Amino acid sequence: MIILGLETSCDDTAAAVLAGRDLRSSVVSSQDAVHGPYGGIVPELASRHHLANILAVIHAALDKAVTAIEEVEGIAVTCGPGLVGSLLVGLSAAKGIAFARGIPLVGVNHLEGHLLAIFLERQIEFPYVALLVSGGHTSLYLAEGPGQYRRIGATRDDAAGEAFDKAAKMLGLGFPGGRVIDQLARGGDPTAIRFPRARVRGSKYEFSFSGLKTALREFLRREHGVEMTAASGALRNVIPERLLCDIAASFQEAVVDMLVTPTLGVAEALGVSQIVVSGGVSANSRLRARMEEDARRRDLTVAFPSPRFCTDNAAMIAYAGARRLERGERDDLSLNAVASLPL
Ligand code: KG4
Ligand code: ZN
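Only a predicted model underlies this, so the values are computations on that prediction, with no experimental measurement involved.

Enquirer: What's the story with the packing of aromatic side chains in this structure? I'm lost.
Expert: What characterises a pair of aromatic rings is the spacing of the ring centres plus the angle enclosed by the ring planes. According to the stated counting rule, one finds eight aromatic pairs in the structure shown. Centroid distance F119 to F126: 5.7 Å. Interplanar angle 25 degrees. Geometry classified as stacked. Note on F119: relative accessible area 7%, which makes it buried. Of the residues examined, F126 reaches a relative accessible area of 26% and is grouped as partly exposed. With a centroid separation of 6.3 Å and an interplanar angle of 10 degrees, the aromatic rings of F207 and F209 are classed as stacked.

Structure representation (structure tokens):
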């Protein structure tokens, strides 16, 4: 079956063509340049830019796949969770195509897309423990089978990607900042500054990153007399490059510790040897290295999608949608966007 996947849940406009197991194309139009100056995603701007870009992105995906719209046999579209205005753009486009062409439509939970992204590149066996770690989510799931996901823990406050982005903003590194911190950290000492590793009392598998963010702010104030404001951005030139690298490496190490420990712990507790890490933050090089190293030591196996399938994309939505269509699931034109859609 040839599936067109659409993803517009946050700030990336994405379309992909999946023919059976063959990913013919995956096109992502980033809005980083639009939101960068604001230091975060501006929902109204995100939906407006989706609207301006969606048709061009769909055409680009079809062209790249050398597939005519007449050949498409099903549409998979993200229906939540995400920004409602953004989701509605993808949904409206999907419904329009499904109606005009008389082909089946299926709504996909964005989180399921991330959890199944690994299957775009390789087959793994269920069950597996999935760490989903992105700008909006930090959660642990037990994936028991296709469509069967049990949530084990989640963040109580910020998502890990949000922590990276907020730290980058304080350091004047722009938005989104995870990738920049990853790069700077390569030249820094992860033991230079001892940031706290938060533990949620009474729960081994919950996360909390807001204390770490506060610790960084306090460190900058105490050590460098820098008062943080929401619009801070001048530090890049204030802090010597060497120290900036040490801060990035130490901050990143704390986030990585807080992600690795519960993930491996839950796999061992459940007796599940396969772990999958997905979402934008799973592109982080230190997280990958540490997960692999620590998992090997405990006889666990960890798999990561390639970076382009870790960050938001429509290939993962097409894949998850294809599995749902195969199972006979269909949605009608009343399918709606749900901002906090649970998995
Ligand atoms: O999955 P994603 O593309 O969008 C959401 O659904 O949130 O994830 C984006 C997040 C951002 O917070 C970004 O800073 C982070 O992923 N990110 C990284 C890296 N690449 C992207 N964080 C740390 N290291 C990276 N290499
Ligand atoms: Zn995502």
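Following the structure, the description resumes.
Enquirer: Any chance you could explain the sheet that holds strand β2 (residues 13–19) here in plain terms?
Expert: Two strands in a sheet stick together by hydrogen bonds in their backbones, pointing the same way (parallel) or opposite ways (antiparallel). Taking strand neighbours across the sheet as the criterion, the five strands line up as β3-β2-β1-β4-β5 in an open arrangement whose pairing is mixed. Either end of the sheet is taken by a strand with one partner, and the two such strands are β3 (22–29) and β5 (105–109). Pairs of neighbouring strands in the sheet enclose a mean axial angle of 20 degrees, with direction left out of account. Pairing between β2 and β3: seven bridges, direction antiparallel. Bridged to A14 within β3 is V28. With respect to the sheet, helix α2 (residues 43–64) is in contact with β1 (2–7), β2 and β3, its orientation differing from that of β2 by roughly 25 degrees. Strands β1, β4 (74–80) and β5 of the sheet are contacted by helix α3 (residues 84–101), whose axis makes an angle of about 155 degrees with β4.

Enquirer: What am I meant to see in the coordination of the zinc ion (ligand 2) here?
Expert: Around a metal, the ideal angle is 109.5 degrees if four donors adopt a tetrahedral arrangement and 90 or 180 degrees if six donors adopt an octahedral arrangement. Around the zinc ion (ligand 2), the protein supplies H110 (NE2), H114 (NE2) and D312 (OD) as donor atoms, at distances of 2.1 to 2.2 Å. What the four donor atoms of the zinc ion (ligand 2) show is an angle range of 92 to 152 degrees at the metal, which sorts the shape as irregular. Binding-site remark: the zinc ion (ligand 2) is held by donors from one chain whose sequence spacing is H-x3-H-x197-D. Separated by four residues within a single helix, H110 and H114 lie in helix α4 (residues 110–116), roughly one turn from each other.

What counts and what doesn't
Residues numbered from 1 in each chain as written. Chains lettered and ligands numbered in written order. Predicted model: local features only at pLDDT ≥ 70, side-chain atom pairs only at ≥ 80, totals over all residues. Heavy atoms only, no water. Phe/Tyr/Trp six-rings, centres within 6.5 Å; stacked < 30°, edge-to-face > 60°. Buried < 20%, exposed > 50% of the residue type's maximum accessible area, 1.4 Å probe, protein only. Pairing = 2+ DSSP bridges. Helix = DSSP H or I, 4+ residues; strand = E, 2+ residues; numbered from the N terminus. Axes fitted to C-alpha atoms, helices over the stretch in contact; angles between N-to-C directions. Contact = heavy atoms within 4.5 Å. Donors = N, O, S within 2.8 Å, 3.2 Å for Na, K, Ca; no water. Tetrahedral: all angles 85-135°; square planar, octahedral: opposite > 155°, others 65-115°.

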